[in-house]
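Descriptive structure summary
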Amino acid sequence: MKLDANIPSGPIEEAWAKACFDMKLVNPANKRKHNIIVVGSGLAGGSAAASLGELGYNVKCICFQDTPRRAHSIAAQGGINAAKNYPNDGESVFRLFYDTVKGGDFRAREANVYRLAQNSTKIIDQCVAQGVPFAREYGGSLANRSFGGAQVSRTFYARGQTGQQLLLGAYQALERQIHAGTVTMIAKTEMLDLIVVDGQARGIVTRHLITGEYNIHIADAVILATGGYGNVFYLSTNAKGSNTTAIWRAYKRGALFANPCFTQIHPTCIPVSGEYQSKLTLMSESLRNDGRIWVPKKKGDTRPPNQIPEDERDYYLERRYPSFGNLVPRDVASRNAKTMCDEGYGVGKSGLGVYLDFSEAINRLGEKTIRERYGNLFDMYQRITDEDPYKVPMRIFPAVHYTMGGLWVDYGLQSTIPGLFVLGEANFSDHGANRLGASALMQGLSDGYFIIPNTIGHYLATHKFAKVENSNPAVQEALTTVKSKIDTLLSIKGKRTVDSFHRELGKILWDYCGMARTAEGLQLAIGKIRALREEYWKNVTVPGTGDDLNESLEKAGRVADFFELAELICIDALDRNESCGGHFREEYQTPEGEAQRDDEHYSYVAAWGYTGPNSAPELNKEPLEFQYVHPSQRSYK
Amino acid sequence: MKVTLKIWRQKNSSDKGQFVKYRVDDVDGEMSILECLDVLNESLILRGEVPVAFEHDCREGICGSCGFVINGVAHGPERGTTACQLTMRHFKDGDEITLEPWRAKAFPMVKDLVVNRRALDHIIEAGGYISVGTGQAPEANGLPIGKEIADQSMDAAACIGCGACVAACPNAAAALFTGAKITHLGVLPQGETEKGRRALAMVAQMNAEGFGNCTNIGECTAACPKEIPLDVIAKMNRDYLCGSIKQREDLPTPVAPVVQGA
Ligand SMILES: Cc1cc2nc3c(=O)[nH]c(=O)nc-3n(C[C@H](O)[C@H](O)[C@H](O)COP(=O)(O)OP(=O)(O)OC[C@H]3O[C@@H](n4cnc5c(N)ncnc54)[C@H](O)[C@@H]3O)c2cc1C
Ligand code: SF4
Ligand code: FES
C-alpha cells in the first residue's frame, strides 16, 4: 500500500495554517446532521468530544469506566510541556520541536511535531480559562519546571496531579456539552468492533458492561482515542483497564498499525515486590530534577544507603552524561539502570533497583520546598514501601509506561480507513522511538482541542454518507464476530485463569522485548507467544455469564487481543535491525553502549497491515524525511 | 499472614444480598487490599465460583474508581488513603475484615461491592464548569492569580469523585463533593462570574438526585481520601446565597436524576 501522509507543502512554520485554509468547511446548519462517535474520554477523546459538540456536531462519547472522568489520563503526574518561554531561558516553538524530534531519535514525522509545538501554547491558555489550577509563583504568574530530555523549563504542572487537573478541565467541558445536548455520554460500555461499510468507517459494535447488551452505533465518522497498550506487558504503570482492543479490532478491519515495538520503559518506578503484584507505580520523572541517582561502587553492597560514604557511591548518570546528568531522556536512564543491575550493583532485596536520593536537595532547599514540590509523590512512595523518602533514598526501577506505537495516521489524524480518526496515545504520531516527559498530555490535547475539529470537518464536507441500516451485512457480520468471540471465551471452561495467562505473556515480552532485544530472543518469544495463545484458546476459564457485570469476561477479550498484538510487537522489533530510542537491539550499539541507528535502511515508519488469522502481516513503509532537524547520533554527554 | 474477608455479596439490585466469609492465606503486608481481593478471586475462579465484583482502575489513588466500606469506614482505617492504596500491613494475622458497598439512596446497587455513582456526574453536568469554549481563551499569563488562591483552588480540585463522603455521611449528603467543585472553580477569577448560578444549579441537582441534607457532622472529610476540607461546604453555602440574591434568570434545565422520584 502506498502511504500518503498528506503533509502540506511549503515551509513547516506555515504548514498547519495552510492546511486549515485548504480544508473544506461544513456549513454550521449542517453540523448537527452529522453523527460522530468518539471512543475514549481521556485527554484526547474528552477534549475532542467537547470541542466537536461545541461546534454543533451530534456526538456520542463512549468509555468503559463508570464515568468519563476516570479515563487513565487522570493518573498523569508530572506535567505538560508548552513553548511559552515564560522563564526566558531560550525556549521557542522551534526548540520544543527540535527536542521532541531528537528525543524521539529521529523516528517521528517533522511536520506533525512542529504543529504540536505550535499548538502547545494555546493548550495552556485553554486549560487556564477552564479553571485548571496550575502551579503559580507568588506574583501570580504560571510556574514552570524542567523535565527529562530538556535543558529549558517548559513544563507546566498542578502539583503531582497534572493529568487529573487537565482531564477534569476536559471532563467539565464535556459535561457542559452533555448538558447542552450535543454530546451523548455512554459509559460502562466497551467498543468491540469497527463497522466498515463500502470502505468507510461507519460505526462500532459495543457491549454494555453491566447488562451485557450488544449495541450497534452508526455514524459518519469514528474517532478512536482509547489510549496506549502498555498493559500487554501485564505489569505496567497503566491503569488496569487500559487495553488495545479498540485499535486492534480496527487493525483487523484494515487500519495499519505503526511501530508497535516502540514502547517506553520509564526509569523511575517503584520496584516489584511480589508475585501478587497487579501494577507498577510511577514516581514522576520530575523527581529527577532534585533527586540524584546512584548505586554503591561495590557490587552486592548490602549496607543501608545512609552508611555508604559519598566516595563509595557511583552517580552513574552524572558520571556518564555530564551535561544532562540525571535529566537524560527516559530510554537512556532506563537502560543505564538495567545495566547497573545486570552488572550486580542493584540495590534492594531483589537487586533490581537503584537509589534516587534527595538528601542533597533537602540540605540545599529545605524539606519544606521539597514537600511542596513532591509531597504527594513522597506520600505515595511511603504508603507503598513503608519507607520515608525524606530520610532514606527511594529505590526505583524501570517499568513499562507508554506506547509510542499505535494506529498509523496521516497529518489529519486519519487512519488508512477513511472516516476512522485516531487521537492521543492510540495513534503513533508524534513521539518517534521515545517520548519526552510531559509530551503525551500535550499531544492528547493538541489532537482533541485543536486538530480534529478542523480535519474531521474536511472529511465530512468532502464525502457522501448513504444511510446504513442495522440489517446491512457489514453491520451484522461485525455483530456476529463479536458475539461468537464472547460465546467461545465463555464456553472453553479450561483450567487456568485469564490473569495467569496474561502474567505469563507479559513476562515473555518483558524478558525478550523489553529494555534490550536480540534477534534470537525475539524469535524465541514469537514461538512462546504462539504456543501460549494456543493454550489460551483451549484452557482458559471464564466464570459467570455474559449478561451481567463480569470483569473476567472483559479481561478475557482484552487478553485475547494482547496475544495477537504481542506477536506483532516482536515481529516489528525483529524487523527493525537497528537500535533507536526505546527500541534497543543489543546487536546494534555504539562502542559506548548507546543506541546505534541505521538511517540509511530504517528511517521509516513501519506500518503493518493485517492479512488474515494465520498469515504474516504485511509491512508498509512511510519514509521519513528530515529537512529541519538533521539526524545525528543523539548525545546527552 | 491469614485473614478472613467478610464480603457483601449481591448478584444485582433485585437480589437480597448477604455477607459471605472467605479465608485468604498467604497475605503479604505489601499487598493492597485490592490485591488481596485479586488473590481471593483467582482462587474463586479456579473453584468454579463467581468472583467478587469491585471497581478499580488506576490502583494509585487518583481515578476514584475503587471504594467500599472497610470495617465500617469508607476506604478503611488509614487517613487520606483510597482502598487501592491501603496495604495489608495495617491488619494483623487472623483479622476478620468486613467489606461492604457504599450505601446511599442516590447510589443504586449494581453488584457485590459496586454501586452506580452517575449521580455525581449529573451534579457536574448541571453546572460544574466554567462556560468557555475551545479557542476562546486569552493568553494564560494575562490573568495573574496569587499563589494562595491557586493553592486553595487546587486543594479543592483534588477531589477524585469516589463518593466516600456520601457513604460516610449519616444523611448520605454529597455536600463535600459538590462544595469541592464549587470551591475549585469559584475561588478562581475565571470562575467568579458564574459562581452564583453554578451553586444554584449544582445544589438543585444534588437535591434532585436524592442526596441528603448536610447537617455539619463532618464524617465526610474524615473519610475523604483526598482530605477535602469542610470549608468547601461553607463556600458552597455562600455562593448559593449570593446566587439566590442575584438570580435574575431561570436556571439551566435540571438533568433527569439517576433514581427517579428520589
Ligand atoms: C502513571 C502515568 C503518569 C503519566 N504522567 C504523564 C505526565 O506527567 N505527562 C505526560 O505528558 N504524560 C504522562 N503520562 C502519559 C499520559 O498520561 C497518557 O499518554 C495520556 O493521558 C493518554 O491519553 P489518551 O486520551 O490518549 O488515553 P486515556 O486517557 O488512556 O483514555 C482512554 C479512554 O479510552 C477508553 N477506552 C479504551 N478502550 C476502550 C474500548 N475498547 N471501548 C470503549 N472505551 C475504551 C477509556 O475508557 C478511556 O476513556 C503518564 C502516564 C502514566 C501511566
Ligand atoms: S470529596 Fe473526597 S470523598 Fe467525596 S468524592 Fe471527593 S475525594 Fe471522594
Ligand atoms: S483504583 Fe483508582 S483510586 Fe483506587
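The model shown is predicted, which means the values in this text are computed figures rather than measured ones.

Describing the domain arrangement of chain B
Residues and elements named next belong to chain B.
- Domain annotation of chain B identifies domain 1 (3-110) and domain 2 (117-246).
- One can count two salt bridges joining domain 1 with domain 2.
- The partner of arginine 117 in a salt bridge is glutamate 55, and the shortest N-O contact between them spans 3.9 Å.
- The interface formed by domain 1 and domain 2 includes four residue pairs in polar contact (both at pLDDT 80 or more).
- Of the residues that constitute the side of domain 1 that touches domain 2, the class distribution is eight nonpolar, seven polar and three charged.

A look at helix H12 (residues 440-462) of chain A
Residues and elements named next belong to chain A.
- Along its 23 residues, H12 runs 31 Å from first to last C-alpha, staying within 8% of the 33 Å computed at 1.5 Å per residue.
- The largest bend along H12 reaches roughly 55° and is located at isoleucine 451, with the proline proline 453 sitting one to four residues downstream.
- Most of H12 sits out of view: 18 of its 23 residues are buried.

Some points on the site of ligand 1
Residue and element names in this part refer to chain A.
- Taken together, 39 residues are adjacent to ligand 1, and Gln65, Ser73, Gly78, Met191 and Glu425 come closest.
- A distance of 3.0 Å separates an oxygen atom of ligand 1 from a polar atom in the backbone of alanine 44.
- Separating an oxygen atom of ligand 1 from a backbone N or O atom of alanine 225 is a distance of 3.4 Å.
- Every element with two or more residues in the shell around ligand 1 is listed here: helix H3 (43-55), strand E6 (189-197), strand E15 (394-403) and H12.

Thoughts on the interface of chain A and chain B
- Of the residues lining the interface, 78 residues belong to chain A; the matching set on chain B comes to 77 residues.
- Summed over both partners, the interface of chain A with chain B comes to about 6300 Å²; 50% of that surface belongs to carbon and sulfur atoms.
- It is His179, Tyr276 and Arg383 of chain A that lose the most area in chain A upon contact with chain B, and together they represent 12% of the buried surface on that side.
- Joining chain A to chain B, the criterion identifies nine salt bridges.
- Where lysine 84 of chain A meets glutamate 139 of chain B, a salt bridge forms, and the shortest distance between an N and an O atom there is 2.9 Å.
- At the junction of chain A with chain B, the criterion picks out 46 residue pairs in polar contact (both at pLDDT 80 or more).
- The set of elements that each furnish at least two residues to the side of chain A that touches chain B consists of H3, helix H5 (110-130), helix H6 (162-180), helix H11 (367-385), H12, helix H14 (498-513) and helix H16 (551-575) of chain A.

So, the site of ligand 2
Residue and element names in this part refer to chain B.
- The environment of ligand 2 is made up of Cys159, Ile160, Gly161, Cys162, Gly163, Ala164, Cys165, Leu176, Phe177, Cys224, Pro225 and Ile228.
- Contributions of two or more residues to the shell around ligand 2 are made by helix H4 (164-168) and helix H5 (175-186).
- Counted by class, the shell around ligand 2 contains ten nonpolar, two polar and no charged residues.

Some details on the sheet that holds strand E10 (residues 257-258) of chain A
Residues and elements named next belong to chain A.
- With respect to topology, four strands assemble into an open sheet ordered E16-E10-E18-E19, the strand pairing being antiparallel. The open sheet has two edge strands, strand E16 (406-407) and strand E19 (618-623), and neither has a second partner.
- Relative to strand E18 (residues 604-609), E10 runs antiparallel, the two sharing two bridges. In the sheet register, phenylalanine 257 faces E18, and the bridge partner there is tryptophan 608.
- Of the strands in this sheet, E10, E18 and E19 are in contact with H16, which crosses E18 at around 145°.

A closer look at the nonpolar core
- By size, the foremost hydrophobic cluster in this structure holds 205 residues, and its most contacted members are Ile80, Phe134, Leu224, Leu407, Leu420 and Tyr536 of chain A together with Phe211 of chain B.
- Counting 32 residues, the second-largest nonpolar core is a separate cluster that includes Tyr316, Ala361, Ile370 and Phe378 of chain A.

Quick word on the side chain of glutamate 594 of chain A
- The topology assignment puts glutamate 594 of chain A in the loop between H16 and helix H17 (599-602).
- Exposure remark for glutamate 594 of chain A: the relative accessible area of 10% places this residue in the buried category.

Here we look at the packing of aromatic side chains
- Tallied over the full model, the rule gives 26 aromatic pairs over all chains.
- Where tyrosine 536 of chain A meets phenylalanine 563 of chain A, the ring centres are 5.1 Å apart and the plane angle is 50°; that geometry is what we call tilted. Taken together, the positions of tyrosine 536 of chain A in helix H15 (residues 519-539) and phenylalanine 563 of chain A in helix H16 put the pair 27 residues apart, joining distant regions of the chain.
- Residue classification places phenylalanine 563 of chain A among the buried positions, given a relative accessible area of 0%.
- In textbook terms, an aromatic cluster arises when at least three aromatic residues are bridged by ring pairs, as seen for Tyr229, Trp248, Tyr251, Phe257 and Tyr610 of chain A.
- The ring of tyrosine 390 of chain A has arginine 371 of chain A sitting right over it, with the charged end atom 4.3 Å from the ring centre.
- A cation sits over an aromatic face here: arginine 103 of chain B above tryptophan 8 of chain B, 4.4 Å from the ring centre.

Focus on the domain arrangement of chain A
All names here are of chain A.
- Domain annotation for chain A reports domain 1 (265-401) and domain 2 (473-610).
- The straight-line distance from the C-alpha centre of domain 1 to that of domain 2 is 30 Å.
- At the interface, 15 residues of domain 1 touch eleven residues of domain 2.
- Around 930 Å² of area is buried between domain 1 and domain 2 when both sides are counted, 57% of it from carbon and sulfur atoms.
- Considering only the side of domain 1, the residues that lose the most area to domain 2 are Ile265, Arg335 and Lys338, jointly responsible for 51% of the buried surface there.
- Counting across the interface, domain 1 meets domain 2 through one salt bridge.
- Between arginine 320 and glutamate 594 there is a salt bridge, with its nearest N and O atoms 3.8 Å apart.

The rules behind these values
- Residues numbered from 1 in each chain as written.
- Chains lettered and ligands numbered in written order.
- Predicted model: local features only at pLDDT ≥ 70, side-chain atom pairs only at ≥ 80, totals over all residues.
- Heavy atoms only, no water.
- Domains from an automatic or database assignment.
- Salt bridge = Lys/Arg side-chain N within 4 Å of Asp/Glu carboxyl O.
- Polar contact = N/O pair within 3.5 Å; in protein donor to acceptor, adjacent residues only side chain to side chain.
- Nonpolar A, V, L, I, M, F, W, Y, C, P; charged D, E, K, R; others polar.
- Helix = DSSP H or I, 4+ residues; strand = E, 2+ residues; numbered from the N terminus.
- Expected span 1.5 Å × (residues − 1).
- Bend = angle between axes of the 7 residues up to and from the residue.
- Buried < 20%, exposed > 50% of the residue type's maximum accessible area, 1.4 Å probe, protein only.
- Near = heavy atom within 4 Å.
- Contact = heavy atoms within 4.5 Å.
- Buried area = accessible area lost by both parts, 1.4 Å probe.
- Pairing = 2+ DSSP bridges.
- Axes fitted to C-alpha atoms, helices over the stretch in contact; angles between N-to-C directions.
- Core = buried A, V, L, I, M, F, W, Y, C linked by side-chain atoms within 4.5 Å.
- Phe/Tyr/Trp six-rings, centres within 6.5 Å; stacked < 30°, edge-to-face > 60°.
- Lys NZ or Arg CZ within 6 Å of the ring centre and 35° of its normal.

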